[in-house]
Amino acid sequence: KRYTKNIGNMRGNLSVTEGYLKDGLNILQRVRELAVQGANGVLNKDQMAYIGQEINELLKGFVSISNSKGVDGEMLFSGYKINTEPFRINMGNVPGAKGEVITSVDYIGDIGKNIGEISEDAYTSANIPGNYAFWAENQQIYSNTDARNYRAQEDSTIRIDGVDIHVNTGDNVYAIISKINDSAAPVKARLDPIKTSLALQTTFPHQMWLEDQGNGTVLQDLGIVSGLNKNPPLNNDRTSRVFGGSIFDMIIHLRDSLYRGSAETVGSSGLAGIDQAINSLVSNIAEVGAKDARLEVTVKRLNTIIPDFIKMDSEETDLDLSKAITDLKMLEYTNQAALSTAGRVLRKTLLDFWR
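A brief structural summary. Quantities reported herein were computed from a predicted structural model and do not represent experimental measurements.

### Topic: the pairing of strand E6 (residues 156–160)
With 4 of 5 residues buried, E6 is to be regarded as a mostly interior element. As paired elements, E6 and strand E7 (residues 163–167) share 5 bridges and run antiparallel to each other. Looking across to E7, one finds that isoleucine 160 is bridged to valine 163. Between the end of E6 and the start of E7, which pair antiparallel, lie 2 residues, with aspartate 161 showing a positive phi angle near 50°. Where E6 and strand E10 (residues 210–212) come together, 3 bridges link them in antiparallel fashion.

### Observations concerning the environment of lysine 311
Within the element layout of this structure, lysine 311 appears in helix H7 (residues 263–317). A relative accessible area of 54% places lysine 311 in the exposed class.

### Some thoughts on the nonpolar core
Grouped together as the largest cluster of nonpolar side chains are 52 residues, with contacts concentrated most on Phe62, Phe134 and Ile247. At the level of elements, helix H1 (2–38), helix H2 (45–66), strand E2 (101–107), helix H3 (130–133), helix H6 (247–260) and H7 are the ones that each hand at least two residues to this core. Top contributing element to this core by residue count: H7, with 11 residues. Apart from residues lying up to four places away in sequence, isoleucine 247 is in contact with Leu28, Phe62, Ala133, Phe134, Trp135, Ala136, Ala277 and Leu281. With 24 residues, the next largest nonpolar core counts Ile141, Ala147, Ala152 and Leu198 among its residues.

### A look at the pattern of salt bridges
Applying the stated rule across the entire model yields 15 salt bridges. Note that aspartate 292 is salt-bridged to arginine 11, the shortest N-O span being 2.9 Å. Note that aspartate 292 is positioned in helix H7 and arginine 11 in helix H1, a separation of 281 residues in sequence. Given the relative accessible area of 27%, arginine 11 is considered partly exposed. Measuring nitrogen to oxygen at the nearest pair gives 3.3 Å for the salt bridge that ties arginine 241 to aspartate 192. Within this pair, whereas arginine 241 is found in strand E11 (residues 241–243), its partner aspartate 192 is found in strand E8 (residues 187–192), the two being separated by 49 residues in sequence. Judged by relative accessible area, which is 34%, arginine 241 ranks as partly exposed. Residue classification places aspartate 192 among the buried residues on the basis of a relative accessible area of 6%. One connected set of salt bridges, linked through shared partners, spans Arg30, Glu33 and Glu54.

Calculation notes
Residues numbered from 1 in each chain as written. Predicted model: local features only at pLDDT ≥ 70, side-chain atom pairs only at ≥ 80, totals over all residues. Heavy atoms only, no water. Buried < 20%, exposed > 50% of the residue type's maximum accessible area, 1.4 Å probe, protein only. Helix = DSSP H or I, 4+ residues; strand = E, 2+ residues; numbered from the N terminus. Pairing = 2+ DSSP bridges. Core = buried A, V, L, I, M, F, W, Y, C linked by side-chain atoms within 4.5 Å. Contact = heavy atoms within 4.5 Å. Salt bridge = Lys/Arg side-chain N within 4 Å of Asp/Glu carboxyl O.

Following this line, the structure appears as structure tokens:
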């Protein structure tokens with residue numbers, strides 16, 4: 001019954017999440033329609049700016065979706081930070097725009113996943129962190145620090161997307177790359193042949209979560225994370241190069257291209273970015289649907305075996321009241337008969353009283 005209740009709660013959250021993601025997909029499809037219009041080369045700069053204004057409003061709507069709450073009033077896409085809006089907007093001036101507009105959107109949630117047990121030793125999560133749900137491209141980080149002569153100075157641990165990777169004293173960059181690639185983290189590492197520095201790339205669209213654990217400084221020494229700000233995801237070293245943006249970045253890039261009146265950019269990188277955003281969001285919607293399908297199958301199985309468990313428990317623990325009363329009376333009669341017989345056979349004498 002506990003598993004069934006867990007599944008019911010999870011399916012409710014997944015249903016709400018899927019609804020918001022589909023609303024976001026509808027917005028992206030409208031953005032793509034506008035991008036095609038802006039890339040046809042027929043519109044003048046003012047007309048393209050009008051399209052940019054509409055996309056700017058759609059961007060606001062998309063941000064609202066990303067900061068949505070569930071039926072319990074908790075944030076859907078902020079990981080464990082359920083009381084914090086996962087996405088923070090930054091405002092500024094953009095050429096061609098009327099007044100301040102959204103210039104960037106930062107994820108300030110975490111990568112926590114609310115895990116629940118749905119059957120014995122079987123677990124699943126009912127949420128998708130925002131830096132997974134609303135990311136468009138595989139992220140890449142290129143360090144600017146030459147790593148050819150690097151050696152780890154002490155045993156330490158690095159954490160990539162929540163996966164701990166242990167580094168031993170004396171490990172060079174090639175050993176660290178091998179350990180990252182052999183780990184469960186959805187990130188692949190390599191040595192940049194130009195800078196001979198560490199390069200990381202995600203295996204699917206999401207924002208990397210990189211941390212040096214404890215007093216370790218491996219990622220910091222390799223020029224991946226900053227020594228000043230250790231809190232991911234906004235802790236990249238300022239000298240590193242970061243590629244691969246969020247869905248917000250794709251919409252902002254397209255909007256700004258329309259404000260500039262650049263039909264060529266709109267039709268190339270602008271449209272390509274929106275297509276990537278759509279593909280990523282569709283994949284996340286499919287993941288939510290797959291989880292819900294798994295939960296549906298599991299709850300059907302539980303509903304099937306619950307009567308069997310009740311029957312087995314009943315056979316072991318339930319009491320047949322009429323039979324129990326009959327047996328008790330029979331034992332009472334037997335006990336009384338035994339006492340009566342013993343009283344007649346073992347009669348007391350005067351000696352018994354003297355003792």
